[in-house]
Amino acid sequence: MNTEPLTSLKGVGEKTEKLFAKVGVYNLQQLLHYYPRDYDCFHSPIPLHECKIDEKNAILGRVRHSPSVKTNQKKSVVILELYEEPLRLQLIWFHMPFLRSTLKTGSIFVFRGKIQERNGRLIMEQPEIYTPAAYEALQSSLQPVYGLTKGLTSKMVAKAVAQVLDDCAPARDYLPSEIRTEYNLCEINYALSQIHFPKDKESLLTARKRLAFEEFFLFLLSLRRLKEQTADTLNSFPIHAVWKTEEVIETLPYQLTGAQMRVWNEIETDMKGRTRMSRLIQGDVGSGKTILAFLAMILSAENGYQSALMVPTEVLAYQHYESLCRLLEENHLTDYQPMLLTGSTKASEKKKIYRQLSDGSCRMIIGTHALIQEKVQYHNLALVITDEQHRFGVRQRTALAEKGEPPNVLVMSATPIPRTLAIILYGDLDISILDELPKNRLPIKNCVVDTSYRPKAYRFIEKQIALGKQVYVICPMVEESEGLDAENVTDYTKKLKNELSPGIKVDMLHGQMKPSQKNEIMERFAAGEIQVLVSTTVIEVGVNVPNATVMMIENAERFGLAQLHQLRGRVGRGADQSYCIFIQGNKEKEVTKRLEILKSSNDGFYVASEDLKLRGSGDLLGTRQSGEMEFSIADIYRDADLLKKAGEAVSRLLLDDPDLEKEEHLELKNIFADYLNPENHEIGL
Ligand code: ADP
Ligand code: MG
C-alpha cells in the first residue's frame, strides 16, 4: 500500500494537504481510492432554440458586437449578447474584465453553463468559454467531479490523482487472477485510471464494476472471518437475574409495541442461552430500537457485567447517554454508573473512564468509535451494541468484539434491506425485524415543492412554532462553495432569521463545528430553547426530539432517497401531526419523480424498492444512497447481483486457501490486513 504523504506530490503543500485531510485523504493510496462522485460530460454544442432551461448547455455562438463592460469599485460585469432570431441569450461574467479582449467581434466560441430564464430573458452566468477545437477535444471525455470542501477544487484533485497515476509504480493486483477471469473483472491499475479519467462510458462501467466487486469482496471476506471467530462460541456471561428489566418495562411511560416485545424476548432468550448472541435488529426510523438496547444493557448490568453502546456520531452518543441516564434515574439504577466516551471527552475525564472501565465499576458505556481504541480495557464486557450499523463497517464491529472474552453482539439498523440481501450483508447475524411503529403515531404529511413555495413554508413554520412545536431545516452544505449551486447552513440561517417573525430562535448545526458546540446546540434544541434548527445532515442518524414536527429539506435533489427517508424520520416521533417539506432546487422531471416516491409513502422498505426500480442504467454511477453501509462506490441495491457473486468468490477462495497463505494471495492478505485495521478508517460526520 502506498502510504506516502500527499506532500510528496508536486504542487501539494501543507495547505493543500490539510484540505485533503478534510475529505479523509491522507496518503497516496487513499487519494487513488477517492473516487469521483460524478462526471462532467461535454455534450455536442446546440443551437439556442434547443437549449434546456435550468440545465447546463453548450451553445455555439458568434460574437456579433464586442461585449459591454461595466466596472465600479466593487465589481466588474462583462455582458455579451448572442442572437438567434427571435431568441437572444445574455452571457454574464463577473470580475473578469479581461474577457473583453478575448471576445473579439466575429470570433466563434462554445459557451457552456446553466441557462436561466429571468423576467422573460435568457441568461447564462459565468459561462465557460472554449474555442470550437478545444471543445471538440473535450467532447469525447468525461471529466471527474469530486466531493469537495471549500478551497479544494475538482481540478486540484484531478491533478494530484493524475500525478500518482503517472509517476508511481503500478500496483500489483490483489484480486486473484482466477477470480478476475471468472467474473470478468478488469485489472486494478486500469480500473483506477479509468474511474478517475474514463476514456468513455464503457470503460468507466468496466472500472466501476471491478472496484465495486472489490469492495464487496473485502467486506464479505471480513464478515466471514468474523463469523468464523464467533460462530457457536459459548456464552461466557450467564444471566441469573431478570427482574430489573421487567420493572423498567412496567414503568415506561408507554407500552412496548408487539414487535418490540417480540424482539425483546428474542434478545433475552439469546442472552440467557448457551451460545453467544449475534443479532441484528432491523427497524424503520422511529420504530423504537433504542429502548431495546437500553434494556439489554440493564440486563447485563443487573448480572454484574459491562456493556457498551457504540454510535456513529457524537451528537447521537450524547443524546443516547442523556436518555439512558434519565431512564436509570427514574428506576433508581444510577449505581450502574453510565459514562460517555467520545473523541472530545477531556483527557482527565478519559483517564477516569478508562480506570473505571478496567476495574469494572463503570458498567455501562456509550460512545463513538473512541470505544474501540486500543487504550480502552474492559473488565467483563458482556454486551456490545452498535446503533445505526449502516454507518459502521464490519471492521469496527470486529474490533469491539475482540475486547476480552467474545461478548454478546447486538447491532441495530434502520437501513431497509430486502431479506435476501440482508442475509448476505449480515451473514454472521440472526435477524430480528421491528415491523411496527408505536401506536400513537400519525403518518407524516409530505409535500414536494419548488423554491417559490418558501414564503408559504415559512408562514407554516411560524404557525407550528406558535403551537409550541419545533422545526428542522436541512441544507446540503456548510458554507458557500464556488461552483456548487446549493443552499448552505451559514447563509441560510442568517436569511431565515430575517424571514421569520422576530423572536423566533433560529440556530445552526454542522459537522465542522466543535463537538462540544454541537452537543450544546443539540441540547438547547432538545430543551426547546432553539425553535428552528438549520443543519446539515449531521442530524440524519438517530437524533430524537419528539417535539419537532416540521422537517424542511432544501435541495432535496442532492440527497439519495434512503437518506431523505432518514432525515424525514427526525419528525413524526411523537403523538403530534408532523410534516415534511421537500424543496426541489432544480426542475428536472426525473428528480421530481424520485421525490414523489417519498411523498407517496412513509415506509422505508417501499421507498428503497421503488427507488431501485426507477434507477435505470442511464445513470453513470447511479444516485448514491450516501452514508449507506460502508461502501464508497458499490451500491447494495444497484449492484445486488455483484454482491451475490462476490459472496460466491469469497467462499471459493476460502475453500482453496482458508488462511490466505498461498504465495499468489500474499497481496490480498496485506490489503485485507489494512482493510481490517480500524485506524485506517476514521469515521467522520
Ligand atoms: P429508532 O428506532 O428510530 O431508533 P427511537 O428508539 O429513537 O427510534 O424511538 C423514537 C421515539 O419513540 C422515542 O421518543 C421513544 O421514546 C419513543 N418510543 C419508543 N417505543 C415506543 C412505544 N412503544 N410507544 C410510544 N413511544 C415509543
Ligand atoms: Mg435510533
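About the criteria used
Residues numbered from 1 in each chain as written. Chains lettered and ligands numbered in written order. Predicted model: local features only at pLDDT ≥ 70, side-chain atom pairs only at ≥ 80, totals over all residues. Heavy atoms only, no water. Helix = DSSP H or I, 4+ residues; strand = E, 2+ residues; numbered from the N terminus. Buried < 20%, exposed > 50% of the residue type's maximum accessible area, 1.4 Å probe, protein only. Contact = heavy atoms within 4.5 Å. Areas by Shrake-Rupley, 256 points an atom, 1.4 Å probe, with all protein chains shown as cover. Lys, Arg positive; Asp, Glu negative; His and termini not counted. Charge placed at Lys NZ, Arg CZ, Asp CG, Glu CD. Axes fitted to C-alpha atoms, helices over the stretch in contact; angles between N-to-C directions. Parallel < 35°, antiparallel > 145°, perpendicular 65-115°, else oblique. Left-handed = near helix turned anticlockwise from the far one by under 90°. Pairing = 2+ DSSP bridges. Salt bridge = Lys/Arg side-chain N within 4 Å of Asp/Glu carboxyl O. Core = buried A, V, L, I, M, F, W, Y, C linked by side-chain atoms within 4.5 Å. Phe/Tyr/Trp six-rings, centres within 6.5 Å; stacked < 30°, edge-to-face > 60°. Lys NZ or Arg CZ within 6 Å of the ring centre and 35° of its normal. Near = heavy atom within 4 Å. Polar contact = N/O pair within 3.5 Å; in protein donor to acceptor, adjacent residues only side chain to side chain. Nonpolar A, V, L, I, M, F, W, Y, C, P; charged D, E, K, R; others polar. pLDDT = per-residue confidence, 0-100. Expected span 1.5 Å × (residues − 1).

A. Structural view of the overall build of the protein chain. Within the protein chain, the regular secondary structure consists of 23 helices and 22 strands. Its C-alpha atoms give the protein chain principal-axis dimensions of roughly 90 × 70 × 45 Å. Across the 685 residues that make up the protein chain, the buried fraction comes to 54%. By sequence separation, contacts in the protein chain at least 24 residues apart represent 73% of the contacts at least 6 residues apart. Accessible surface, the protein chain: about 31,200 Å² in total, of which carbon and sulfur atoms supply 50%. Distance between charge centroids for the protein chain: 6 Å, based on 85 positive and 91 negative side chains.

B. Spotlight on the packing of helix H11 (residues 290-302) against helix H12 (residues 314-330). Packing of H11 against H12 brings their axes to within 11 Å, and their N-to-C directions diverge by 60 degrees. The angle between the axes of H11 and H12 places the two elements in the oblique class. When the axes of H11 and H12 are compared, the crossing they make is right-handed. Along its contact with H11, which presents Thr 290, Ile 291, Phe 294, Met 297 and Ile 298, the element H12 presents His 320, Ser 323, Leu 324, Leu 327 and Leu 328.

C. Summary view of the sheet that holds strand E10 (residues 278-283). Read from one edge to the other, the open sheet built from seven strands follows the order E12-E13-E11-E14-E15-E10-E16, with strand pairing classed as parallel. Because the sheet does not close on itself, it has two edges, and the strands there are strand E12 (338-341) and strand E16 (430-434). Adjacent strand axes in the sheet meet at a mean angle of 20 degrees, parallel and antiparallel pairs treated alike. Here four bridges tie strand E14 (residues 381-386) to strand E15 (residues 408-413), and the two strands are oriented parallel to one another. In the strand pairing of E15, Leu 383 is matched with Asn 408. Each of E10, E14, E15 and E16 touches helix H10 (residues 258-272); the most contacted strand, E16, lies at about 155 degrees to it. Packing against the sheet, H12 makes contact with strand E11 (306-310), E12 and strand E13 (364-367), and its axis sits at approximately 175 degrees to E12.

D. Looking closely at the pattern of salt bridges. Applying the stated criterion across every chain yields a total of 27 salt bridges. Residue Arg 262 pairs with Asp 435 through a salt bridge whose shortest N-O separation is 3.9 Å. Of this pair, Arg 262 sits in helix H10 while Asp 435 sits in the loop between E16 and strand E17 (445-450); the two residues are 173 residues apart in sequence, bridging distant segments of the chain. The exposure class assigned to Asp 435 is exposed, which follows from its relative accessible area of 56%. Across the salt bridge formed by Glu 596 and Lys 599, the nearest N and O atoms sit 3.7 Å from each other. Note that Glu 596 and Lys 599 are positioned in helix H20 (residues 589-600) at a spacing of three residues, about one turn of the helix. You can call Glu 596 partly exposed: its relative accessible area is 33%. The exposure class assigned to Lys 599 is partly exposed, which follows from its relative accessible area of 38%.

E. Just the sheet that holds strand E18 (residues 470-474), in detail. Strand order in the open sheet formed by six strands is E17-E22-E21-E18-E20-E19, with parallel pairing between adjacent strands. Of all strands in the sheet, those bounded by a partner on one side alone are E17 and strand E19 (506-509). Neighbour to neighbour, the strand axes of the sheet diverge by 20 degrees on average, direction disregarded. When E18 meets strand E20 (residues 532-535), the two strands line up parallel, connected through four bridges. Bridge pairing in E20 links Val 471 to Val 532. Relative to strand E21 (residues 548-553), helix H19 (residues 561-568) is tilted by about 150 degrees, and along the sheet it contacts E17, E18, E21 and strand E22 (579-584).

F. Representation of the nonpolar core in the model. Core analysis: the biggest nonpolar cluster contains 72 residues, and Leu 31, Phe 213, Phe 217 and Leu 425 have the highest contact counts within it. With twelve residues, helix H8 (residues 201-230) is the single largest residue contributor to this core. Apart from residues lying up to four places away in sequence, Phe 213 is in contact with Leu 175, Ile 179, Tyr 183, Leu 185, Leu 642, Lys 645, Ala 646 and Ala 649. With 46 residues, the next largest nonpolar core counts Ile 249, Ala 293, Leu 327 and Ile 385 among its residues.

G. How the structure looks around the pairing of strand E6 (residues 108-118). In the sheet, strand E2 (residues 56-62) pairs with E6 via seven bridges, with the strands oriented antiparallel. Paired with Asn 57 across the two strands is Gly 113, which belongs to E6. Summarising the sheet, E6 and strand E8 (residues 128-130) pair through three bridges and their orientation is antiparallel. Paired with Arg 112 across the bridge in E8 is Glu 128. Here E6 pairs with strand E7 (residues 121-125) via four bridges, running antiparallel. Within the sheet, the bridge partner assigned to Gln 116 lies in E7 and is Ile 123.

H. Layout of the packing of aromatic side chains. Taken as a whole, this structure holds twelve aromatic pairs when the rule is applied. When the ring centre of Phe 42 is taken as origin, the NZ or CZ atom of Arg 112, which lies over that ring, is 4.0 Å away. A cation sits over an aromatic face here: Arg 210 above Tyr 174, 5.6 Å from the ring centre.

I. Examining the site of ligand 1 more closely. The immediate surroundings of ligand 1 are formed by 17 residues, with Gln 255, Gly 286, Thr 290, Arg 441 and Arg 573 found nearest. Here an oxygen atom of ligand 1 sits 2.7 Å away from a polar atom, N or O, in the side chain of Arg 573. Taken by itself ligand 1 offers 570 Å² of open surface, and the protein chains cover 87% of this. For the shell around ligand 1, a count of residues per class yields five nonpolar, eight polar and four charged.

J. Seen up close, unusual backbone geometry. Put simply, Glu 85 and Pro 86 share a cis peptide bond, and its omega is 0 degrees. Within the secondary structure, Pro 86 sits in the loop between strand E4 (76-84) and strand E5 (87-94). Even without being glycine, Asn 119 reaches a positive phi, approximately 50 degrees. Position of Asn 119 relative to the elements: it lies in the loop between E6 and E7.

K. Here's a closer look at the confidence of the model for the protein chain. Overall, the predicted model of the protein chain reaches an average pLDDT of 87, with 93% of residues at or above 70. Counting interchain partners and residues more than four positions distant, the pLDDT-below-50 stretch residues 621-628 has 31 contacts.

L. Inspection of H8 at higher detail. Look at H8: 43 Å from first C-alpha to last across 30 residues, which is about the 44 Å you get at 1.5 Å a residue. Two residues or fewer after H8 comes Asp 232, characterised by a positive phi angle close to 50 degrees.

M. Quick look at the packing of helix H16 (residues 454-466) against helix H17 (residues 489-499). In contact at an axis separation of 11 Å, H16 and H17 are set at 70 degrees when each is read in the N-to-C sense. Looking at the two axes, H16 sits roughly perpendicular to H17. The two elements H16 and H17 meet at a crossing, and its hand is right-handed. Residues Arg 454, Tyr 458, Arg 459 and Glu 462 of H16 lie in contact with H17, whose contacting residues are Tyr 492, Lys 495, Leu 496 and Glu 499.

N. Structural context of the environment of Leu 328. On the secondary structure map, Leu 328 appears in helix H12. Apart from the residues within four sequence positions on either side, Leu 328 is in contact with Ile 298, Leu 333, Thr 334, Tyr 336, Pro 338 and Met 364.

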